[in-house]
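Summary of the model geometry
Each chain is listed here by its residues.
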Amino acid sequence: MKLSDTLEKAFNAQITLELQASLVYRQLAIELELMDLPGMAAWLRHQADEEIVHANKFIDHVADRDNHPRIGATAAPSAPVASVLDAFEAALAHEEKVSASIRDLYRLAEAEGDLDSRPLLNWFLDEQIEEEATVKEIVGRVKMIDDDGPGLLRLDEELGARPVATTEVR
Ligand SMILES: [Fe+2]
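A brief report on the enclosed structure follows. (Residues numbered from 1 in each chain as written. Predicted model: local features only at pLDDT ≥ 70, side-chain atom pairs only at ≥ 80, totals over all residues.)

Within the element layout of this structure, L7 appears in helix α1 (residues 5–34). Residue classification places L7 among the buried positions, given that 20 C-beta atoms sit within 10 Å. A sequence separation of 58 residues divides L7 from R65, and the C-alpha atoms of the two residues are 11 Å apart. When sequence neighbours within four positions are dropped, the list of residues in contact with L7 reads L108, A109, E112 and D114. (Helix = DSSP H or I, 4+ residues; strand = E, 2+ residues; numbered from the N terminus. Buried ≥ 20, exposed ≤ 12 C-beta atoms within 10 Å, placed from the backbone. Contact = placed C-beta atoms within 7 Å.)

Glancing now at unusual backbone geometry. Apart from glycine, the bulk of residues carry a negative phi angle, and the bulk of peptide bonds sit in the trans form. Residue P80 is bonded to the preceding A79 through a cis peptide linkage, with omega at -5°. Take P80: it is sitting in the loop between α2 (38–64) and α3 (84–111). One non-glycine residue with positive phi stands out, namely D36, at about 65°. Judged by the 11 C-beta atoms lying within 10 Å of it, D36 falls in the exposed class.

To describe two helices that pack against each other, one gives the angle between their axes and the distance between the axes. Orientation of α2 relative to helix α5 (residues 149–160), taken along the N-to-C sense of each, is 40°, at an axis distance of 7 Å. Classified by the interaxial angle, the pair formed by α2 and α5 is oblique. Crossing of α2 over α5 shows left-handed handedness. Residue-level contacts link P38, G39, M40, A42 and W43 of α2 to D156, E157, L159 and G160 of α5. Partitioning the contact of α2 with α5 into residue classes produces five nonpolar, two polar and two charged. (Axes fitted to C-alpha atoms, helices over the stretch in contact; angles between N-to-C directions. Parallel < 35°, antiparallel > 145°, perpendicular 65-115°, else oblique. Left-handed = near helix turned anticlockwise from the far one by under 90°. Nonpolar A, V, L, I, M, F, W, Y, C, P; charged D, E, K, R; others polar.)

Take the packing of α1 against α2 next. In the contact formed by α1 and α2, the axes pass within 8 Å of each other and the chain directions differ by 165°. Viewed along their axes, α1 and α2 adopt a mutual orientation that is roughly antiparallel. Like other packed secondary-structure pairs, α1 and α2 cross with a definite hand, here left-handed. Along the lines of polarity and charge, the residues of the contact of α1 with α2 split into 18 nonpolar, six polar and six charged.

Structural data, given as structure tokens:
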């Protein structure tokens, strides 16, 4: 069953927001690379790739419903960041924005009685809980480290140990 015009528009806005999130993470990865923290940069770059996977999930859903996925305009991500804490706080702020947008999408789908999008949106609600918790934990640890060199290097090594990114839809 096709998405209503209203839902199609809202899904397309979400596709654009996920791609915007990817750009935000990619720029943050660049900033951390320039701060000589390659592990954190790799972690952020992996997040950037994951946001493309998210966008692809929404694109596939819209196309599978026989609607027309359309990528909207994105804004240039802000740079540079003043500190490691700034970078992860910016990431958290964007995750919170994405979570709010997915909740709105869910409410809209519910209001329209669109059952077919429910599994996908449930997946995203779960995913956002995890994403926010992960970034929040990093923000907390960066605050604890408070510009202590060895502490930052340890966290950099830890975050850099994350598995290699993929842009394939899982
Ligand atoms: Fe996402």
